[in-house]
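Chain by chain, the residues run as shown.
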Amino acid sequence: MPRILLIFVSLALVLSGCSGGDDDKAPDSTAQQAGINSTFHLLSFSRLQGFAEGVPCNPDEIQPLPAALEYAEQLRTEGDRVILACVGDAVFWSPSMTQHKASQLGARGRSEPLLHALKAAGVEVYVPGHGDFAMGYASLLSRARDAGLEPLISNLEVEGFEDILRDRLVVEHDGLRIGFLGLIPPARTGSDIEVHDAELGTLRPPIAVAEEKVRVLREEDQVDIVLIYSNLSQQTNGELAQIEGVRFVLGTADPGVAADRMTLIDGVGLMTMRTQGRELALTTLNVRDGNLTFANQSPLDPMRRDIAKNQRSLDESIEEYGTSDPEELAQYISPHNPQVFLDFMGRFEEDIAWLAQAEQFDGTYIEHHRAELSPTSEDNPVLPYLAQQGPATNAALELVTRVPLEEMIWQSKIPKTETCVSCHADQVSFWQGTDHAAAVDNLRTIERSRDGSCLICHATGYREDGGFNDVRLEDPLGAVTCWNCHQANQVHVISPRGHTNPRHFDGERKTIGERCSRCHTNRRDPDFELEHDLDAIACPPMRVDDPALVQARQATLTRIAELREAGTGNEFDHYLEARALLGLGQRDQAIDGFVRYATVAQSTEVLPIIDAASLLDRAGYSSGAIRVLEAALVSRAGEPQLNMQVVRLLLDATDPSVRNAERAVATMEQFLPPEVEIDYRTVDMRKMQVRAYFAAGYVEKGSDLLITLRNKYPADDDVAEMMRTHNVR
């Protein structure tokens, strides 16, 4: 089992403090003498970006902002002080979504109910981002005033909003006084430049402002702790940590880092949280007897989760094998090396005992990790405001829909389904009965069909090259159409050689799965399973003798012959010709054509060769596929993608007579020997090597490599599944 807390030698080290690294950062002695006992919970969203409601097309998803309100109320029942904060862009999904005038107006309209939703959720600290200010400082602040919000922006001054624009916030609970600052970066002008604009206001350099405001908080407001909510870069957050008197910086700079740890810089805690409502960070400050030297208990949370995960796995094994005796379980789970499982059990029991001891600590500590949110009640006061986003967007757009829509000035590369139907009638007919065809209609039922954050997945071509940017158009190219999956551009339609040329498919370098996962994310569609759900929407394959296909392939051959006669053909014509011949059932000629292309193609042209091998294998000509790959490898012996395709065929070829696990192992070991480092570039190849080892009966080699992969990539689902399949622990 990967030991999350091996970095800690003992309990004393885990509880070693987030204390001041030198005298000028030492805790306030007055607070210590006062014997203060107080607990603060800070709940923080980073760049909510309009995801206060989660995903509107997924009604079962947890609503982040309403759920945060209920989580805060639950904490308050314990008598603790709770502060809910939103830092960074909160109301705009993305500044780039507002570049078109109509989209900008719609986003402004949607911002009003979102700001009211922040107020209804009890947000006390709102530090906007530049996306929120895309409409201008005064415009956003006016809307915030209408909603009853008081933004905390320490380095912004806007005339006329002194009543709501706060430069600092002081909160006291049970004798402990905490001072908060909120900082936003200059608008693309450099961190040390003061920005003046007569209409917008003055945006001052954040570092200089922080130094000034921290002194005010410490000397005039007599706070015990200064905490900065930062919408600045990671580097600038490090500079903030150097300011005398600062104890904590909650930053938003790294969206890939979860709220599961805290970085210490000279005793100052730097914390972060994920963006777009994906995470509510819970930061608990627990002060006992006035001691402001904080022990860091943040690592306990991932250890709790790791122990729970391993306990579930152990329970499943006990149920499966009907015994809880470690010696017996070891024989079932790790028969090739029982000691591996027994070592796991020893470490597991040590961790359980260690965690129980650590959780008995009741002194002064800080804990920073993500909060586990739950579904909200129907009477949650935030929900009615979120439901107004669609109507508010439509109402704002009514101001411009009276003007004739701008002409579509692009030369669209995206064909409509009306164009596809001439050759693919059965496929278009099938598509019309799928949810994809109704994707925009589904948005209309919830009044979100002109919301850019929805159209990007529910309509074809929104903000795509050759698509559309004006949300008033809703779906000028259709809902989720043929193009979303196949991405065949207009050249495929109008050029004879384009019919069989994958280069005229804009997404040729992406698999269907990659295109699906662009919108069917864990967040938007958590129950989506590619292998199962793809069958439900996959169009029926075209018949080999379909007149439209036969005609297209004949046209390709005719055009290539014309180009060769004119002396203007090229080497890629061998590939296109072979595809057409294969479709027409001329197998041997097609294989010869693919081999010819694999021999003469440039060394960088490997994707068409791999595609050719896949086509031949799917058609049952697996030996021909191997022949094409071998021809390519003559001049590209160590090319990983080609070798991997050979191994795939040797393991999974449609023709069973081609499968040869021993040869697959030899191929893998030839181009990927053991001394090659396992990293992100080779991990998928190593997984294939594991498959080859087990298929060839080399259980010990496969098990050892699996354990190595597990230790290096403990969160890899594929590795975990292979370990379960082969009973490796």
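Residues numbered from 1 in each chain as written. Predicted model: local features only at pLDDT ≥ 70, side-chain atom pairs only at ≥ 80, totals over all residues. Heavy atoms only, no water.

### Regarding the overall build of the chain
Then comes step 1: When you go through the chain residue by residue, the secondary structure sums to 30 helices and 16 strands.
Then comes step 2: Of all 729 residues assigned to the chain, the portion counted as buried reaches 52%.
Then comes step 3: Of the contacts formed within the chain by residues at least 6 apart in sequence, a portion of 67% connects residues at least 24 apart.
Then comes step 4: Looking at the chain as shown, the accessible area adds up to about 33800 Å², and 48% of this sits on carbon and sulfur atoms. (Helix = DSSP H or I, 4+ residues; strand = E, 2+ residues; numbered from the N terminus. Buried < 20%, exposed > 50% of the residue type's maximum accessible area, 1.4 Å probe, protein only. Contact = heavy atoms within 4.5 Å. Areas by Shrake-Rupley, 256 points an atom, 1.4 Å probe, with all protein chains shown as cover.)

### Structural notes on the state of the cysteines
Should the sulfur atoms of two cysteines be covalently bonded, the bond is a disulfide.
Then comes step 1: Summed over all chains, the structure comprises one disulfide.
Then comes step 2: Here Cys-457 pairs with Cys-519 through a disulfide, and the sulfurs are 2.2 Å apart. In this structure, the disulfide formed by Cys-457 and Cys-519 twists by about -100 degrees around the S-S bond and is classed as left-handed. You can see Cys-457 sitting in helix H16 (residues 452–458) and its partner Cys-519 sitting in helix H19 (residues 512–519), a full 62 residues away along the chain. Each of the two residues, Cys-457 as well as Cys-519, counts as buried. (Disulfide = S-S within 2.5 Å.)

### With respect to the nonpolar core
Then comes step 1: Within the largest apolar cluster, 73 residues are counted, with the highest numbers of intra-cluster contacts made by Leu-43, Leu-65, Leu-118, Tyr-126, Phe-180, Tyr-229 and Phe-248.
Then comes step 2: Per element, the largest residue contribution to this core is seven residues, and it comes from helix H3 (residues 64–76).
Then comes step 3: Ignoring anything within four residues of it in the chain, the contact list for Phe-180 reads Leu-42, Ile-83, Leu-152, Arg-168, Leu-169, Val-171, Leu-217, Leu-227 and Tyr-229.
Then comes step 4: Phe-572, Ala-653, Leu-672 and Met-685 belong to the second largest nonpolar core, which has 62 residues in total. (Core = buried A, V, L, I, M, F, W, Y, C linked by side-chain atoms within 4.5 Å.)

### Here we look at unusual backbone geometry
Then comes step 1: Here Gln-276, not a glycine, exhibits a phi torsion of approximately 60 degrees, which is positive.
Then comes step 2: Within the element layout of this structure, Gln-276 appears in the loop between strand S13 (268–271) and strand S14 (280–287).
Then comes step 3: Here Gln-276 falls in the partly exposed class, since its relative accessible area comes to 25%.
Then comes step 4: Non-glycine residue Arg-463 carries a positive phi angle of around 65 degrees.
Then comes step 5: With respect to the element layout, Arg-463 can be found in the loop between H16 and helix H17 (482–486).

### Examining the packing of helix H4 (residues 101–120) against helix H5 (residues 137–147)
For any two helices packed against each other, one specifies the crossing angle of their axes together with the interaxial distance.
Then comes step 1: With their axes 9 Å apart at the nearest point, H4 and H5 run at an angle of 40 degrees to one another. When the axis of H4 is compared with that of H5, the two are oblique. In this structure, H4 meets H5 at a crossing whose hand is right-handed. For the pair formed by H4 and H5, the contact residues are Arg-108, Ser-111, Glu-112, Leu-115, His-116 and Lys-119 on the first element and Leu-140, Arg-143, Ala-144, Asp-146 and Ala-147 on the second.
Then comes step 2: For the contact of H4 with H5, the per-class residue count stands at four nonpolar, two polar and five charged. (Axes fitted to C-alpha atoms, helices over the stretch in contact; angles between N-to-C directions. Parallel < 35°, antiparallel > 145°, perpendicular 65-115°, else oblique. Left-handed = near helix turned anticlockwise from the far one by under 90°. Nonpolar A, V, L, I, M, F, W, Y, C, P; charged D, E, K, R; others polar.)

### What to know about the environment of Val-55
Then comes step 1: Within the secondary structure, Val-55 is located in the loop between strand S2 (38–46) and H3.
Then comes step 2: Given a relative accessible area of 6%, Val-55 falls into the buried group.
Then comes step 3: On a C-alpha basis, the gap between Val-55 and Ser-453 in space is 9.5 Å, while along the polypeptide they are 398 residues apart.
Then comes step 4: Those residues within four positions of Val-55 in sequence are excluded, and the remaining contacts are Glu-61, Arg-523 and Arg-524.

### A look at the sheet that holds strand S7 (residues 176–183)
Consider a sheet: its strands pair through backbone hydrogen bonds, and that pairing is either parallel or antiparallel.
Then comes step 1: Judged by pairing direction, the sheet is mixed, and its six strands sit side by side in the order S6-S7-S10-S11-S13-S12 without closing on themselves. The strands lining the two open edges of the sheet, one partner per strand, are strand S6 (169–173) and strand S12 (263–265). Ignoring which end each strand starts from, the neighbouring axes of this sheet average 25 degrees apart.
Then comes step 2: Summarising the sheet, strand S10 (residues 225–230) and strand S11 (residues 246–251) pair through five bridges and their orientation is parallel. Looking at the pairing, Tyr-229 lines up with Leu-250 of S11. (Pairing = 2+ DSSP bridges.)

### Thoughts on the pairing of S2
Then comes step 1: By the criterion of burial, S2 is predominantly enclosed, with nine of the nine residues buried.
Then comes step 2: Side chains of S2 alternate between two faces, with Ser-38, Phe-40, Leu-42, Ser-44 and Ser-46 and Thr-39, His-41, Leu-43 and Phe-45 buried alike.
Then comes step 3: Both S2 and S14 contribute to a ladder of eight bridges, which runs antiparallel. Within S14, the position partnered with Ser-44 by the bridge is Ala-281.
Then comes step 4: Relative to strand S3 (residues 81–87), S2 is paired through seven bridges, and the arrangement is parallel. Counted as the bridge partner of Phe-40 is Arg-81 from S3.
Then comes step 5: Crossover connection from S2 via H3 to parallel S3: handedness right-handed. (Right-handed = clockwise from strand over helix to strand, strands pointing away.)

### Quick word on the packing of aromatic side chains
Then comes step 1: Evaluation of the coordinates by the stated rule reveals 12 aromatic pairs.
Then comes step 2: Ring centres 5.8 Å apart and planes at 5 degrees place the aromatic pair Phe-344 and Phe-348 in the stacked group. Here Phe-344 pairs with Phe-348, and both are found in helix H10 (residues 338–358), just four residues apart, close to one helical turn.
Then comes step 3: You can call Phe-344 buried: its relative accessible area is 14%.
Then comes step 4: Relative to Tyr-698, the ring of Tyr-693 lies with its centre 6.4 Å away and its plane at 65 degrees, an arrangement referred to as edge-to-face.
Then comes step 5: Owing to a relative accessible area of 7%, Tyr-693 belongs among the buried residues under this scheme.
Then comes step 6: Grouped by ring-pair contacts, the aromatic residues Phe-572, Tyr-575, Phe-594 and Tyr-597 constitute a single cluster. (Phe/Tyr/Trp six-rings, centres within 6.5 Å; stacked < 30°, edge-to-face > 60°.)

### So, the pairing of S6
Then comes step 1: Burial of the side chains of S6 is restricted to one face: Leu-169, Val-171 and His-173 are buried, whereas none of Val-170 and Glu-172 on the reverse face is.
Then comes step 2: Pairing geometry for S6 and S7, over five bridges, is antiparallel. Opposite Glu-172, over in S7, you have Arg-177 as the bridge partner.
Then comes step 3: Linking S6 back to S7 in an antiparallel pair, the connection comprises two residues, with Asp-174 at a positive phi of about 50 degrees.

### Notes on the pattern of salt bridges
Then comes step 1: All told, the structure shown has 39 salt bridges when counted by the stated rule.
Then comes step 2: Between Glu-157 and Arg-204 there is a salt bridge, with the nearest N and O atoms lying 3.8 Å from each other. Taken together, the residues Glu-157 in strand S5 (residues 156–157) and Arg-204 in the loop between strand S9 (201–203) and helix H6 (206–219) connect sequence positions 47 residues apart.
Then comes step 3: Under the relative-accessibility criterion, Glu-157 is labelled partly exposed at 44%.
Then comes step 4: In this structure Arg-204 comes out as buried when scored by relative accessible area, which is 19%.
Then comes step 5: Of the charged contacts, one joins Glu-172 and Arg-177 as a salt bridge, the two residues approaching to 3.1 Å between their closest N and O atoms.
Then comes step 6: Judged by relative accessible area, which is 46%, Glu-172 ranks as partly exposed.
Then comes step 7: Given the relative accessible area of 23%, Arg-177 is considered partly exposed.
Then comes step 8: Each of Glu-157, Asp-167, Arg-168, Arg-204, Glu-212, Lys-213 and Asp-221 takes part in salt bridges that share partners, so that together they form one network. (Salt bridge = Lys/Arg side-chain N within 4 Å of Asp/Glu carboxyl O.)

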